[in-house]
Each structure stands twice: as C-alpha cells, then as structure tokens.
Amino acid sequence: MTAPPPPILILAPPRSFTTLASGMLGVHPQVFGVPELMLFYYETIGDLWRYGRSFPAIDTRVRHGLLRAVSEIVFGEQTDESVMAAEYWCGRRQHWPAREVFAELQSLVAPLRILEKSPDYSAKPDSMLRFFEGFPDAQIIYLTRHPIGQCKSAINIGEGDYPYLSNSFAYEGDQAIADPQIAWHDMNVNILNFLETHVPPAQRMQIKGEVLLAEPEAELKKICQWLGLRTDNGAMEAMMHPERSSFAAFGPISALFGNDPNFLRNPFFTKQPARKLPPLDQPLPWREDGATLYPEVIALAQELGY
C-alpha cells in the first residue's frame with residue numbers, strides 16, 4: 001500500500017487568519033482541509049473529551065471539528081445522524097494515541113494531503129511536539145499577525161473572555177490587568193521554540209497573514225511551490241473560493257462549529273488592500289492607562305518582520 005502524502009499543519013495563535021488560510025489552501029485540488037481537530041492537545045480522544053466536558057464554555061471548540069471531519073470523511077455527510085455515528089467512531093478509538101486517529105483520517109483522504117490548523121496548539125507546546133513526533137515528514141506553515149491587530153481581534157472572543165481563557169494578565173502593583181499581548185508573545189515564543197528545536201528548516205515556512213490577505217495570488221503560489229502542489233490557473237482559482245469547502249458553513253445542530261463562527265457565517269474571500277500597520281509603540285486601544293506594548297513584545301514583533 002502506498003503511504004499517504006505528508007500532512008500540512010498551520011501554526012499560529014488564535015485570531016491570526018488561520019481559518020481563512022486553511023480554508024483557501026484546504027480547497028486546493030491536491031489538499032483536503034479539515035476543521036480544527038484539536039486531536040493532539042492530549043494523548044487520546046478520551047482525554048480530549050474529558051477536557052472539553054470540564055470546560056463547557058469551550059467544549060464545542062474541543063469536539064465539533066473532529067466530529068464534523070469524521071462525519072464527512074468516514075460517513076460521507078454531515079447530518080445529526082452522521083455526527084452520532086462519528087461520536088461512536090470516536091468512542092471506539094478513545095484509547096488510541098492521537099497519531100493513530102489522525103493517520104486513519106489521513107489515509108482515508110489520500111491521495112489528497114490532509115491539512116489541519118488548531119490555534120490552541122500554540123498554547124500547549126507538547127501538542128505541537130506530539131504532532132511532529134507522529135508525523136516527522138509534515139510541512140508546517142507558521143502564520144503570523146501584527147500583535148496589535150491580533151490582540152484587538154482576540155479580545156473580542158467570547159465577549160472579552162480571551163485573556164481569562166489564555167491566562168493573559170499583566171500584574172502591575174496590586175492590580176491584575178487583562179492584556180492579550182502577553183498571550184500573543186507567549187504563544188509565538190512557543191511556536192518559535194518548537195520549530196527551531198524540532199523542525200528542520202526545509203519543513204517550515206513563515207507567512208505574514210496581512211500579506212496573504214493583500215497579495216493572495218502571490219503568497220498562495222509561493223506556499224504551493226514550497227509544498228510541491230500545483231500552481232496552474234485552475235488550482236489558483238480554486239483557492240480563491242474557500243466557501244467551497246465542506247466545512248465552510250455551520251454544521252448540523254449536534255456539531256455546529258469546528259471553525260471560527262465569523263468565517264462560517266461568511267466564508268467568502270475578498271481581497272483586502274494592503275494597509276499600513278500600526279506603529280509598535282502606540283498606546284494600546286484595549287488599555288485605559290495609556291500603556292504600550294512591552295519591550296519583549298516589540299522585540300519579538302520586530303524579529304517576525306513587523
């Protein structure tokens with residue numbers, strides 16, 4: 001039996017354009033993009049299920065992507081009935097290592113290359129390592145976003161509870177101030193440390209999300225050439241239509257999500273004009289005390305090319 005082609009993983013903190021990037025690459029004729037599987041967050045599906053059940057506010061994000069992927073890949077549709085079957089499928093594999101579950105999905109979509117993105121991996125370094133130890137031939141795209149843009153977007157997640165979910169607090173005097181720049185810094189450091197320590201340079205690529213949105217044809221062509229994918233007109237045109245993905249809309253009521261709800265409401269891509277990014281030393285719009293980015297955040301942003 002021919003081995004399936006290597007998987008593709010997009011790594012980035014939340015709110016870094018991962019849904020759009022994976023949606024576009026995921027409809028390339030040689031790629032099968034899946035929702036946020038979260039598979040490698042723990043050793044097994046059973047561990048992941050228990051984690052989700054412990055935190056009802058994030059349980060849908062933990063389980064829905066995998067259930068929708070299994071429904072589509074294994075059972076050929078996404079209905080309440082197929083989601084129930086997917087629950088049973090996952091239950092029968094609850095003790096399997098995450099790599100074995102992913103490998104089964106990978107083999108089922110072959111010869112297409114499976115592509116995943118789960119931004120939560122950036123908060124848990126061992127999840128990234130678990131993925132790469134299971135799939136050492138994987139190619140990894142590191143997607144970055146300017147810290148002020150990412151933080152402004154992230155702080156609106158779940159009515160402003162992102163700093164609480166990511167433990168992103170600045171402790172100044174006797175006061176704890178919710179500040180998403182701390183998570184931006186720590187998650188990017190996690191990704192960089194993982195890539196530089198474990199992933200050979202030939203298997204990793206860094207892309208700026210802002211450039212992808214402003215120059216999609218050029219950036220996608222560059223990514224596809226690096227991945228060894230087709231770059232003909234048909235392939236390039238396909239990637240302009242992320243709405244054609246099987247996961248580019250809400251799922252059945254029993255598994256609605258698996259991706260950013262904003263994308264699921266409007267999965268169409270509109271090319272954005274290049275915008276001047278805000279200066280790194282400007283007062284932060286989410287702070288009422290006139291604070292700016294911390295020196296270590298500025299230094300890391302500059303290292304990333306901002």
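Up top is the structure these notes are about.
Each value, and the rule that gives it
Residues numbered from 1 in each chain as written. Predicted model: local features only at pLDDT ≥ 70, side-chain atom pairs only at ≥ 80, totals over all residues. Heavy atoms only, no water. Helix = DSSP H or I, 4+ residues; strand = E, 2+ residues; numbered from the N terminus. Buried < 20%, exposed > 50% of the residue type's maximum accessible area, 1.4 Å probe, protein only. Contact = heavy atoms within 4.5 Å. Axes fitted to C-alpha atoms, helices over the stretch in contact; angles between N-to-C directions. Parallel < 35°, antiparallel > 145°, perpendicular 65-115°, else oblique. Left-handed = near helix turned anticlockwise from the far one by under 90°. Nonpolar A, V, L, I, M, F, W, Y, C, P; charged D, E, K, R; others polar. Core = buried A, V, L, I, M, F, W, Y, C linked by side-chain atoms within 4.5 Å. Pairing = 2+ DSSP bridges. Salt bridge = Lys/Arg side-chain N within 4 Å of Asp/Glu carboxyl O. Phe/Tyr/Trp six-rings, centres within 6.5 Å; stacked < 30°, edge-to-face > 60°.

Caption draft 1: Layout of the overall build of the protein chain. Scanning the protein chain from N- to C-terminus turns up 14 helices and seven strands. In terms of overall dimensions, the protein chain has a C-alpha envelope of 60 × 45 × 40 Å along the principal axes. Buried positions account for 54% of the 306 residues belonging to the protein chain. Sequence-distant contacts in the protein chain: of pairs separated by 6 or more residues, those separated by 24 or more amount to 73%.

Caption draft 2: Looking closely at the packing of helix H9 (residues 181–198) against helix H14 (residues 295–303). Contact pair H9 / H14: the axes reach a minimum separation of 10 Å and the direction vectors enclose 45°. The orientation of H9 with respect to H14, classified from their angle, is oblique. The two elements H9 and H14 meet at a crossing, and its hand is left-handed. Contacts from Gln181, Trp184, His185, Asn188, Val189 and Leu192 in H9 reach Glu296, Val297, Leu300, Ala301 and Glu303 in H14. Looking at the contact of H9 with H14 residue by residue, the class counts come to six nonpolar, three polar and two charged.

Caption draft 3: Focus on the nonpolar core. The biggest cluster of nonpolar side chains holds 58 residues, and the ones touching the most others in it are Leu11, Leu39 and Leu66. Setting aside residues up to four positions removed in sequence, Leu39 forms contacts with Ile45, Leu48, Leu66, Ala98, Val101, Phe102 and Tyr121. Membership of the second largest hydrophobic core comes to 25 residues, among which are Leu25, Leu143, Leu213 and Met240.

Caption draft 4: Focus on the packing of helix H6 (residues 125–134) against H9. At a closest axis distance of 9 Å, the pairing of H6 and H9 adopts a crossing angle of 35°. The way H6 lies across H9 gives a crossing that is right-handed. Here Pro125, Met128, Leu129 and Phe132 of H6 lie close against H9, whose contacting residues are Asn190, Ile191, Phe194 and His198. Looking at the contact of H6 with H9, its residues break down into six nonpolar, two polar and no charged.

Caption draft 5: Quick peek at helix H2 (residues 45–54). Buried within H2 are the following residues: Ile45, Gly46, Leu48, Trp49, Tyr51 and Gly52. Buried residues belonging to H2 abut helix H3 (59–75), helix H4 (80–92) and helix H5 (98–109).

Caption draft 6: Representation of the sheet that holds strand E1 (residues 8–11) within the structure. Judged by pairing direction, the sheet is parallel, and its five strands sit side by side in the order E2-E3-E1-E4-E7 without closing on themselves. Each having just a single partner strand, strand E2 (31–33) and strand E7 (204–208) make up the two edges of the open sheet. Strand after strand, the sheet turns through a mean of 25° between neighbouring axes, direction not considered. Sheet topology note: the E2/strand E3 (residues 113–117) ladder contains three bridges and is parallel. Its bridge partner being in E3, Gly33 is matched across the sheet by Leu115.

Caption draft 7: Just the pattern of salt bridges, in detail. Overall, the coordinates contain 16 salt bridges when judged by the stated rule. A salt bridge links Arg230 to Asp232; the shortest N-O distance between them is 2.7 Å. You can call Arg230 partly exposed: its relative accessible area is 37%. The exposure class assigned to Asp232 is partly exposed, which follows from its relative accessible area of 33%. For Arg287, the salt bridge goes to Asp289, with nearest N and O atoms at 2.7 Å. Connected through shared salt-bridge partners, Glu43, Lys124, Asp126 and Arg130 make up one network.

Caption draft 8: Representation of the environment of Lys152 within the structure. You can see Lys152 is positioned in helix H7 (residues 147–154). We classify Lys152 as partly exposed; its relative accessible area is 44%. Remark: the alpha-carbon pair of Lys152 and Pro285, spanning 133 residues in sequence, is separated by 7.7 Å. Contact partners of Lys152, with chain neighbours within four places excluded, come to Pro285 and Trp286.

Caption draft 9: Molecular detail of the pairing of strand E5 (residues 169–172). Two strands pair when backbone bridges link them, and E5 and strand E6 (residues 175–178) are joined in this way by four bridges, in the antiparallel orientation. Within E6, the position partnered with Glu172 by the bridge is Gln175. Between E5 and E6, which pair antiparallel one after the other, the connecting turn spans two residues, and Gly173 there sits at a positive phi close to 65°.

Caption draft 10: Quick peek at the environment of Phe135. On the secondary structure map, Phe135 appears in the loop between H6 and strand E4 (139–144). Expressed as a C-alpha distance, the spacing of Phe135 and Pro267, which sit 132 residues apart in the sequence, is 30 Å. Those residues in contact with Phe135, other than ones at most four positions away along the chain, are Pro7, Phe40, Arg99, Phe102, Ala103 and Gln106.

Caption draft 11: Just the packing of aromatic side chains, in detail. In this structure the tally under the stated criterion is 13 aromatic pairs. Aromatic pair Tyr42 and Tyr51: ring centres 5.3 Å apart, planes at 55°, arrangement tilted. On the basis of relative accessibility, which here comes to 15%, the residue Tyr51 falls in the buried class. Plain terms: the ring middles of Phe131 and Phe135 are 5.7 Å apart, the flat faces sit at 40° to each other, and that makes the pair tilted. There is no split in this pair, since Phe131 and Phe135 are both buried.

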